[in-house]
Each structure stands twice: as C-alpha cells, then as structure tokens.
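Residues per chain are reported as follows:
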Amino acid sequence: MLIRRPDDIRSSEITPYRVYMNRRHFIGRSAKAAAAAALVPGLLSACVEPEKMEARPAPGTRDAQAASGRSAPQEKKWEDVRSELDESLTPYADVTGYNNFYEFGTGKEDPARNAHTLVTRPWTVEVDGEVARPAAYDLDDLLAPHSAEDRVYRLRCVEAWSMVIPWTGVPLGDVIRRLEPTSKARFVEFTTLEDPEQMPGQRRRVLDWPYVEGLRLDEAMNPLTLLATGVYGSDLPNQNGAPLRLVVPWKYGFKSIKSIVKMRFVEEMPATSWAVSAPREYGFYANVNPDVDHPRWSQGRERRLGEFRRRPTLAFNGYGEQVADLYTGLDLRRWY
Amino acid sequence: MSATPARRRRMVVKVVLWIVCLVPALSLGVAAVTDGLGANPIEEITHRTGWWALFLLTATLSITPLRRLAGKPGWVRYRRLVGLFAFFYATLHFLTYLVLDQFFGWSYIVEDIVERPFITVGFAAWLILLALAVTSTTGWIRRLQKNWVRLHRLVYVAAPAGGVHFLWKVKADAREPLVFLAVIIALLLVRAWAPWKRRASQAG
C-alpha cells in the first residue's frame with residue numbers, strides 16, 4: 001500500500017468550504033474523466049486522534065446555516081480542529097443531505113426531505129436491564145452531569161463510501177459508569193424510536209422496526225465510543241439521528257444507531273436489525289475490515305465523498321491503535 | 001425522394017423519439033456540471049444511466065405487444081431506435097463504472113466481474129446488448145438471415161439479466177427492481193402466449 005504525503009491541495013489551509021467548492025470542479029472534470037491527479041488523496045497511516053475541546057462552540061453562524069441548506073459551516077473554528085488531521089471534513093451539506101435513515105425513506109436524500117416530522121423534545125431515554133437503577137430519563141437530565149466534547153471521526157458505511165464528520169457528544173463510557181451496570185451486563189442494546197406517524201419510512205417493513213443495535217460492554221466503554229448530540233457545532237439535524245445517536249467510528253455506519261430511545265444492559269448478544277435482515281451479509285461486530293468482503297461487493301476500497309479516486313479501506317477504519325486489542329483471538333472472518 | 005405525408009410523419013416520430021431518449025442523458029449532463037447530483041455524484045450517475053438502460057430495454061420489449069394490440073405493425077420500425085438507446089445508456093452505465101468509479105483499475109474490475117454475481121450478470125447483459133447493437137443494421141439482417149432472429153432473441157435474456165443485476169445490487173429496498181422484473185416477465189409471457197406466434201414466417 002502506497003503511503004504518500006498529502007499534496008498541496010489537501011493541506012491544512014483548505015477550509016471545509018473550499019472542499020465544498022472543489023467538489024463542483026471535480027464533478028465537471030470527472031465528466032471528462034480528466035486528470036484526477038490533483039485530487040488523489042494522501043493516503044493515511046495515522047489514526048485520527050479524538051479532539052477534546054471542552055466548551056460547546058457558540059452557535060454563531062447557525063442562522064447562516066439555516067438560511068441556506070448548503071451553506072458553509074463555521075469556518076474559523078473547524079479550521080483549527082481540522083488542522084490536526086490530514087483528511088478534509090465532509091461538507092456540512094453532504095453530512096446532512098446524504099443519509100441512510102430508512103425510517104424516513106430508503107433514498108439517500110429522503111431523510112433530509114422527510115425528517116422534519118420528527119419531534120425531538122421532549123425526548124425520553126429508557127434505561128433498563130442489568131443496571132443499578134432502571135429509569136426513564138429525560139435526555140437533558142441523562143447528559144447534564146457530563147461535559148460535551150468535539151470529536152472528528154471517519155464514518156465508513158458498509159456500502160463502501162465514507163465521510164469525515166465533526167461530532168459533538170459525550171463519551172458513552174462516562175454515561176455507562178454513572179448508570180452502574182450490574183456484573184451480569186455483558187452487552188448494551190440500543191433501540192430507535194418506533195412511530196410511523198413521525199417516521200413515514202416505518203410504514204413499510206423494509207427492516208423489522210424498531211431499529212436495534214448493540215455493543216459488547218468493553219466496546220461501549222472504549223474512549224472512542226460517543227453518544228452524539230451535535231454535528232458541526234450545532235444540534236444534530238433530524239436526518240442525522242436527532243436528538244441522540246451513537247457514533248462507533250471503527251465499525252460500519254449501521255452500528256451508529258440514530259434517535260435512541262432505549263438503552264438496555266443484557267447478558268446475551270443483542271439481535272441487531274441488519275444481522276436479522278441479512279445474517280449472511282451483516283454481523284454483530286461489523287468492524288471495518290478490508291480483508292473481509294461483503295458477499296456482494298468488495299470492502300477493500302471506499303469512496304470518500306468529495307474525492308474522485310477510491311481510497312483503500314483501513315482496518316478498523318484507521319482506529320486499530322485504539323481498538324484492535326478488543327478483538328485479539330477473535331476470528332474476524334467468522335465474526336464479521 | 002417524395003415526402004409523402006406518411007414518410008413525413010415517420011420522420012417526425014423518429015425525431016421526437018430521439019429527443020425523448022436523449023433528454024435523460026442531457027439532464028444528467030447538466031446536473032453533473034451544475035453540482036446537482038448530490039454528495040455522491042458517481043453513484044448517482046451510475047444509478048441513473050442504469051435505470052434508463054433498463055427502462056428503455058423494457059420499452060423496446062413492449063413495442064411488439066403494443067403494435068399488435070394497436071394494430072399498427074409499422075411501429076416495429078421504431079424498435080431498433082429505442083433498443084439502440086437502451087444500449088447507449090447501458091454503455092454509459094458501464095463506462096461510468098469503468099472510468100469514474102474504478103478509474104481503469106483493471107484488476108479490481110476483473111475481480112468484480114468474476115466474483116460479484118450481480119456484476120457478472122450485468123456484464124453479461126451488456127455483452128448481449130453489444131452483440132445486438134452491432135448486428136442491428138439491415139446489412140447484418142441480410143447477412144445472418146434466419147439466424148438474425150435467433151440472435152436477437154437474446155434480448156429475452158438481456159432484459160431479465162438487467163433486472164436481476166439491479167435486484168442483486170440493492171441493499172434492502174427491492175421495490176424498484178421487482179417492479180422492473182414484473183413488467184419484463186409480463187412482456188415475455190405475453191409473447192409466449194400470443195396467438196400471432198404461429199405465423200412464424202414473418203421476420204421479427
């Protein structure tokens with residue numbers, strides 16, 4: 001695998017907004033299949049380090065964002081965050097306009113179009129199962145004792161495309177510690193809202209609603225795992241899984257369950273929605289792994305949105321340093 | 001050449017068909033250069049060109065049943081035009097995959113064709129359409145005679161193969177590919193049961 005230095009166009013001077021502008025140029029060029037050399041991505045070997053920035057960013061340019069769906073995010077702030085990484089942030093318009101959220105339709109642009117019917121406050125999160133005090137929490141009460149952090153993570157979809165997204169949220173491990181799971185708890189199971197009135201996509205049984213996902217307890221406690229409430233410095237738009245979603249960056253995106261209403265601590269491995277829907281294609285672990293193909297397509301390479309050439313997929317989505325030893329001894333070909 | 005009313009009408013129909021068949025490609029081109037293809041333009045181009053290829057292939061298959069139903073045998077003269085446009089979009093679809101998606105990564109492409117059934121089936125469908133496009137001229141009809149009809153029956157393989165290619169690609173929402181397949185299968189069944197099949201001396 002070639003390891004190249006990032007070329008000039010992808011240096012840290014490029015703001016997310018310019019990436020957005022570059023995308024228009026690349027589309028024109030790709031129509032002639034012209035030299036994509038300038039857009040060939042620098043290949044990374046380094047993992048993305050989580051950025052810890054305590055203060056919640058001021059929602060200063062939020063009005064500008066609201067005014068036009070495709071407007072640039074807060075350039076100044078995200079420039080600083082970005083310069084730590086070697087990979088460009090995916091433009092806000094794409095992060096919020098290209099989504100798999102079948103509760104609002106199976107097209108990529110359906111959630112942005114249809115998710116306005118979701119009511120995100122008041123929002124209750126039920127916590128039960130093998131836990132000290134099962135209770136139904138108001139979302140704000142659940143998260144109030146914790147401080148929000150900003151994390152820039154890669155998100156790799158099982159469909160072989162990916163983004164780089166600046167999330168805001170609370171480490172799941174912090175929340176779990178406070179909830180005090182009992183010694184019997186080995187997994188955490190998450191459930192999405194089920195309400196066909198608010199979520200028109202649920203009127204078709206494309207999947208067995210409600211959407212269920214889960215993590216092994218040590219995966220949940222890993223410092224990377226985030227309970228996200230915001231993106232690009234503002235509250236999550238509905239189509240991104242408002243008001244509360246999971247982000248597990250070393251796994252395929254379908255593990256990062258959206259619009260969570262329930263957290264249950266259990267002894268048995270949860271039956272997760274995609275594994276139920278197509279067990280030969282989707283497993284519980286779903287670790288990003290270029291060596292284990294999906295039965296119908298290769299997982300060796302991915303399309304980073306905004307780039308012309310596909311890039312090699314990294315084991316654990318590049319987070320191997322932080323998570324690989326969760327899986328020592330596990331046959332990842334069998335436990336996909 | 002005398003421009004009889006019938007001839008002029010046929011010219012107009014052909015021009016209209018040309019325009020109608022080109023509109024999807026033109027609109028795709030406009031969307032491409034005006035950033036109207038969303039966050040994953042290559043995927044969008046691949047999807048749209050494939051969809052129109054399948055749609056036009058289905059339309060081609062519907063010409064014979066429709067012309068019998070309407071009592072307009074002359075409509076067969078438009079079948080080649082629509083069929084060639086199906087091949088045009090299928091080729092754009094294939095080229096998008098080859099050039100924009102894989103960027104001439106031949107080892108990846110070969111691996112895909114050999115190891116991914118949905119791509120195997122899609123590539124086979126395109127190869128058939130290539131053979132049909134090449135032999136679509138009157139010169140070839142003359143050269144192949146009876147075998148021309150036999151060769152062009154391969155469209156009955158290409159169309160379902162295209163539908164299956166679409167069906168095997170989608171992740172969970174099989175609604176669109178199933179609709180295509182239902183229509184294609186219906187169009188094939190209509191031919192199987194049609195009473196006019198007995199007058200087999202007519203060239204296709």
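Residues numbered from 1 in each chain as written. Chains lettered and ligands numbered in written order. Predicted model: local features only at pLDDT ≥ 70, side-chain atom pairs only at ≥ 80, totals over all residues.

1. Side note on the overall build of chain A
The secondary structure content of chain A amounts to 10 helices and 12 strands. Expressed as a percentage of the 336 residues in chain A, the buried residues total 45%. (Helix = DSSP H or I, 4+ residues; strand = E, 2+ residues; numbered from the N terminus. Buried ≥ 20, exposed ≤ 12 C-beta atoms within 10 Å, placed from the backbone.)

2. Observations concerning the overall build of chain B
Secondary structure summary: chain B contains nine helices and zero strands in total. Going residue by residue from the N terminus, the α and β elements of chain B occur as α-α-α-α-α-α-α-α-α. On C-alpha atoms alone, chain B measures out to a radius of gyration of 18 Å, which is about the 17 Å that the 2.2 N^0.38 rule sets for 204 residues. Once the C-alpha set of chain B is aligned to its principal axes, its extents read approximately 50 × 35 × 35 Å. For chain B, the residues scored as buried account for 26% of the 204 residues in total. Long-range pairs, those at least 24 residues apart, make up 64% of the contacts in chain B with a sequence separation of at least 6. (Rg over C-alpha atoms; globule rule 2.2 N^0.38 Å. Contact = placed C-beta atoms within 7 Å.)

3. Let's talk about the confidence of the model for chain A
Residues and elements named next belong to chain A. Residues at a pLDDT of 70 or more form 74% of chain A, whose mean pLDDT is 81. Residue range residues 1–76 is modelled with pLDDT below 50. Its contacts to residues more than four positions away, or to other chains, number 116 contacts. Long-range and interchain partners of residues 79–84, a stretch whose pLDDT sits below 50, account for 10 contacts in this model, where long-range means more than four residues apart. (pLDDT = per-residue confidence, 0-100.)

4. Describing unusual backbone geometry
The omega angle of the peptide bond from A:Trp209 to A:Pro210 is -5 degrees, so this bond is cis rather than trans. In this fold, A:Pro210 is placed in the loop between β5 (187–192) and β6 (212–216). For the bond from A:Ala242 to A:Pro243, the omega torsion is -5 degrees, close enough to zero to count as cis. Inspection of the secondary structure assignment puts A:Pro243 in the loop between β8 (234–235) and β9 (245–247). Of note in this structure, A:Ser259 is not a glycine but carries a positive phi near 50 degrees. If you trace the backbone, A:Ser259 turns up in the loop between β9 and β10 (260–266). Positive phi, close to 60 degrees, is recorded for B:Asp35, a residue that is not glycine.

5. Here's the deal with the interface of chain A and chain B
Each partner contributes to the interface: chain A provides 24 residues, whereas chain B provides 18 residues. When residues in the side of chain A that touches chain B are grouped by element, the largest group, six residues, is from helix α1 (residues 16–31) of chain A. A per-class count over the side of chain A that touches chain B returns 10 nonpolar, five polar and nine charged. (Nonpolar A, V, L, I, M, F, W, Y, C, P; charged D, E, K, R; others polar.)

6. Re the nonpolar core
In this structure, A:Ile165 and A:Leu227 are the most contacted members of the largest nonpolar core, which totals 72 residues. If you look at the next biggest cluster of nonpolar residues, it comprises 31 residues, including B:Trp52, B:Ile128, B:Ala158 and B:Ala159. (Core = buried A, V, L, I, M, F, W, Y, C linked by C-beta atoms within 7 Å.)

7. A few points about the packing of helix α2 (residues 41–70) of chain B against helix α3 (residues 79–101) of chain B
Residue and element names in this part refer to chain B. Axis separation between α2 and α3 bottoms out at 8 Å; the angle between their running directions is 160 degrees. Our classification of the angle between α2 and α3 gives roughly antiparallel. Note that α2 runs across α3; the crossing there is left-handed. Here the contact of α2 with α3 is composed, by residue class, of 16 nonpolar, seven polar and two charged. (Axes fitted to C-alpha atoms, helices over the stretch in contact; angles between N-to-C directions. Parallel < 35°, antiparallel > 145°, perpendicular 65-115°, else oblique. Left-handed = near helix turned anticlockwise from the far one by under 90°.)

8. Some thoughts on the environment of A:Val125
Residues and elements named next belong to chain A. The residue Val125 is located in strand β1 (residues 124–129) in this model. The spacing of Val125 and Asp150 is 25 residues in sequence and 22 Å in space, taken between C-alpha atoms. Every residue in contact with Val125, bar those within four places of it in the chain, is listed here: Tyr137, Leu139, Leu142, Leu244, Ile260, Val261, Lys262 and Met263.

9. Considering the sheet that holds β1(A)
Residues and elements named next belong to chain A. What the five strands build is an open sheet, ordered β2-β1-β10-β5-β6; its pairing is mixed. What marks the edges here is a single partner per strand, and that holds for β2 (135–138) and β6. Strand-to-strand twist across the sheet, computed as the mean angle between neighbouring axes with direction ignored, equals 20 degrees. (Pairing = 2+ DSSP bridges.)

10. Structural notes on helix α1 (residues 5–33) of chain B
All names here are of chain B. Over its 29 residues, α1 extends 41 Å from the first C-alpha to the last, a length consistent with the 42 Å expected when each residue adds 1.5 Å. At Val23, α1 shows its largest bend, some 35 degrees, and a proline, Pro24, comes one to four positions later. Where burial is concerned, little of α1 is hidden: one out of the 29 residues are buried. (Expected span 1.5 Å × (residues − 1). Bend = angle between axes of the 7 residues up to and from the residue.)

11. Points about the packing of α2(B) against helix α9 (residues 175–193) of chain B
Residues and elements named next belong to chain B. Between α2 and α9, the shortest axis-to-axis distance is 10 Å and the interhelical angle comes to 25 degrees. Relative to α9, the element α2 lies roughly parallel. Here α2 runs over α9; the crossing is left-handed. When α2 is examined against α9, the residues Leu54, Thr58, Leu61, Ser62 and Pro65 are found in contact with a partner set consisting of Phe180, Val183, Ile184, Leu187 and Val190.

12. Some remarks on the pairing of strand β11 (residues 301–304) of chain A
All names here are of chain A. Looking at chain direction, strand β4 (residues 161–171) and β11 are connected through two bridges and run parallel. By the bridge assignment for β11, Trp161 is matched with Arg303. Pairing geometry for β11 and strand β12 (residues 311–312), over two bridges, is antiparallel. Following the sheet pairing, Glu302 is matched in β12 by Arg311. The turn joining β11 and β12, which pair antiparallel and follow one another in sequence, is formed by six residues; a positive phi near 100 degrees is taken by Gly306.

13. Brief notes about the pairing of strand β7 (residues 226–231) of chain A
All names here are of chain A. The buried count for β7 comes to six of six residues, which makes it a mostly enclosed element. Across five bridges, the pairing between β4 and β7 is antiparallel. Residue pairing for β7: Pro171 is matched across the bridge by Leu226. Relative to β8, β7 runs antiparallel, the two sharing two bridges. In the sheet register, Val231 faces β8, and the bridge partner there is Ser234.

14. Observations regarding α9(B)
All names here are of chain B. The end-to-end C-alpha separation of α9 is 27 Å, in line with the 27 Å expected for 19 residues at 1.5 Å each. Taken as a whole, α9 has its buried residues at Phe180, Leu181, Ile184 and Leu187. An end-on view of α9 places all buried positions within 125 degrees of arc, on one side of the element. In α9, the exposed positions that point more than 90 degrees away from the buried face belong to Arg175, Val179, Ala182, Leu189, Ala192 and Trp193. Lining the buried residues of α9 we find α2 and α8 (155–169). (Arc of directions from axis to C-beta.)

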